[in-house]
Amino acid sequence: MGANATTVVVVGAGHSGLAMSKRLSDGGIDHVVLERQEVASSWRTQRWDSFTLLTPNWQTTLPGRSYDGDAPDDFMNADEIAGFIRDYGSAISAPVQPNTTVTAVRTTDRGYDVVTDQGTWMCRCVVLASGACNRSNVPPFAAALPADVVQVNPLEYRSPAELPDGGVLVVGAAATGVQLADEIQASGRPVLLSIGEHVRMPRTYRGRDIQHWMDAIGRLDERYDEVEEILKARGVASPQLVGTPERRTLDLNALTERGVQLRGRLGVIRDGVAMFSGGLRNHCALADQKLDRLLDDIDAWITDQALDREVAPAERHERTRVAPDLPLMLDFARGEIRSLVWATGFKPDFSWLELDVFDTAGRLRHDGGVVDAPGVYFLGGTFLRRRKSSFIHGAADDTADLAEHLVGYLAA
Ligand SMILES: Cc1cc2nc3c(=O)[nH]c(=O)nc-3n(C[C@H](O)[C@H](O)[C@H](O)COP(=O)(O)OP(=O)(O)OC[C@H]3O[C@@H](n4cnc5c(N)ncnc54)[C@H](O)[C@@H]3O)c2cc1C
């Protein structure tokens, strides 16, 4: 296994890495895409059985490729999106080298050495497209969960059948948490859902998918350098949405109707007892208020475009119902809860990146994907450059910007 040389090494052949590969090919820049498994493998290996995208098919686009099927308003399952990305990789003839795991990236006097289990690549630039969601963000106090309670995270969870019979505590009420709480409750296992700050969203509004309006009003195009607190914006949970044929809304009221019991944010587990915050009412009131503000913005846009008569009338949603005096403690010794699902978010795995590019909290230091090391770029992070950055359709604009920066860097 000798050393190879190229101009740019892209780490990861998910949609982000392939979109960058397309930009580099268009610019005539020599590169390779190193992939530890195969193209789009995260959708096959890190999603649950019933998974569907929460973004409609029409929104599933990549540079030079839009959805051209006959169901633009439906939602792809994991196999379908993996197929879409794989076809894209073939269509753009992306130079992917599969089954090649990057084990280290180090600075050299010429640029970087990218060390893999198949040899080392010397290059001037490195694009980190290895995924922003390939580790589960499980809190340290998970270690205090009694050993007889089964704990799983969404990257390993496949279906309710894998959980023991009995109650399940789902922690986290972003898109993943509400979707898993819903299917686990439907399997006959009673679910408690622990909820912190969350983003409530109806599936449809005024007769159109909510993503249609988010797109139309420009919300998804908001830039990272235009929002007030970007670190806070990057920490905002994904919206409570699910993609189903009947286009149902999956907010907390819908879950309550299905029998899911709500609890406050899980603060800690100590001595076999889970402690929940008493702030659920406030969190729900805040989410209701933010939803109203979003719908106000949509209504204003519709009026501005003189579309009021062409779409369904404006509506407002019932406030989130929270029962008074919800329990603040859960004693696992009572045996009601037999398993726990950590739907507490995701983070990237850069354990192989041997560069001085992390802040004291362990986060990658970057400015809109331009990493704090010359010629290194990052893709796919939440609100990386725009609100849509972590979505598939966000890769087109982000890779255009970052490829332009990269070309300038090489020229200098
Ligand atoms: C649960 C969940 C639901 C989502 N739902 C939606 C949705 O509905 N709509 C939407 O638009 N987006 C959605 N996303 C966001 C986003 O589209 C996905 O996270 C997507 O997989 C990110 O693509 P990526 O190319 O950046 O990373 P990935 O798809 O994770 O690809 C990274 C690739 O890098 C490889 N890799 C990692 N480390 C190494 C290494 N050391 N060496 C070599 N290769 C490596 C991996 O094998 C992988 O193939 C969702 C994300 C999650 C987690």
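Above this text you will find the structure in question.
All of the points below concern the structure found in this document. (Residues numbered from 1 in each chain as written. Predicted model: local features only at pLDDT ≥ 70, side-chain atom pairs only at ≥ 80, totals over all residues. Heavy atoms only, no water.)

### Remarks on the packing of helix 1 (residues 15-26) against helix 9 (residues 395-411)
And step 1. The N-to-C vectors of helix 1 and helix 9 enclose an angle of 50 degrees; their axes lie 9 Å apart at closest approach. The angle between the axes of helix 1 and helix 9 places the two elements in the oblique class. For the crossing formed where helix 1 meets helix 9, the hand is right-handed. Residue-level contacts link His 15, Ser 16, Ala 19, Met 20, Arg 23 and Leu 24 of helix 1 to Ala 395, Ala 396, Thr 399, Ala 400, Leu 402, Ala 403 and Leu 406 of helix 9.
And step 2. Each residue belonging to the contact of helix 1 with helix 9 can be placed in one class, and the counts come to nine nonpolar, three polar and one charged. (Axes fitted to C-alpha atoms, helices over the stretch in contact; angles between N-to-C directions. Helix = DSSP H or I, 4+ residues; strand = E, 2+ residues; numbered from the N terminus. Parallel < 35°, antiparallel > 145°, perpendicular 65-115°, else oblique. Left-handed = near helix turned anticlockwise from the far one by under 90°. Contact = heavy atoms within 4.5 Å. Nonpolar A, V, L, I, M, F, W, Y, C, P; charged D, E, K, R; others polar.)

### Section: the site of the ligand
And step 1. Not every one of the 33 residues close to the ligand is listed here, only the nearest: Ser 16, Glu 35, Ser 42, Leu 54 and Ile 392.
And step 2. Between Ser 390 and the ligand, the recorded distance is 3.4 Å, taken from a backbone N or O atom to an oxygen atom.
And step 3. Relative to its unbound accessible area of 980 Å², the ligand is 94% covered by the protein chains.
And step 4. Sorting elements by how many residues they give to the shell around the ligand places helix 2 (residues 41-45) first, with three residues. (Near = heavy atom within 4 Å. Polar contact = N/O pair within 3.5 Å; in protein donor to acceptor, adjacent residues only side chain to side chain. Areas by Shrake-Rupley, 256 points an atom, 1.4 Å probe, with all protein chains shown as cover.)

### Thoughts on the nonpolar core
And step 1. The biggest cluster of nonpolar side chains holds 84 residues, and the ones touching the most others in it are Leu 128 and Leu 193.
And step 2. When residues of this core are assigned to their parent elements, the largest contribution, six residues, is made by helix 3 (residues 78-91).
And step 3. Those residues within four positions of Leu 193 in sequence are excluded, and the remaining contacts are Val 170, Gly 172, Ala 173, Gly 177, Val 178, Ala 181, Leu 252, Leu 255, Val 260, Gln 261, Leu 262 and Arg 263. (Core = buried A, V, L, I, M, F, W, Y, C linked by side-chain atoms within 4.5 Å. Buried < 20%, exposed > 50% of the residue type's maximum accessible area, 1.4 Å probe, protein only.)

### Regarding unusual backbone geometry
And step 1. A positive phi is found at Asn 99, a non-glycine position, where the angle reads about 50 degrees.
And step 2. Structurally, Asn 99 is set in the loop between strand 4 (96-97) and strand 5 (102-107).

### Quick notes on the packing of aromatic side chains
And step 1. As enumerated under the stated definition, the model contains seven aromatic pairs in all.
And step 2. Taken together, a centroid distance of 5.2 Å and an interplanar angle of 80 degrees make the contact between Trp 48 and Phe 51 edge-to-face.
And step 3. In this structure Trp 48 comes out as buried when scored by relative accessible area, which is 5%.
And step 4. Put simply, the rings of Phe 350, Trp 352, Phe 358 and Phe 378 pair up and form one aromatic cluster.
And step 5. Just above the ring of Trp 43 sits the side chain of Arg 47; from NZ or CZ to the centre is 4.4 Å.
And step 6. When the ring centre of Phe 51 is taken as origin, the NZ or CZ atom of Arg 47, which lies over that ring, is 5.7 Å away. (Phe/Tyr/Trp six-rings, centres within 6.5 Å; stacked < 30°, edge-to-face > 60°. Lys NZ or Arg CZ within 6 Å of the ring centre and 35° of its normal.)

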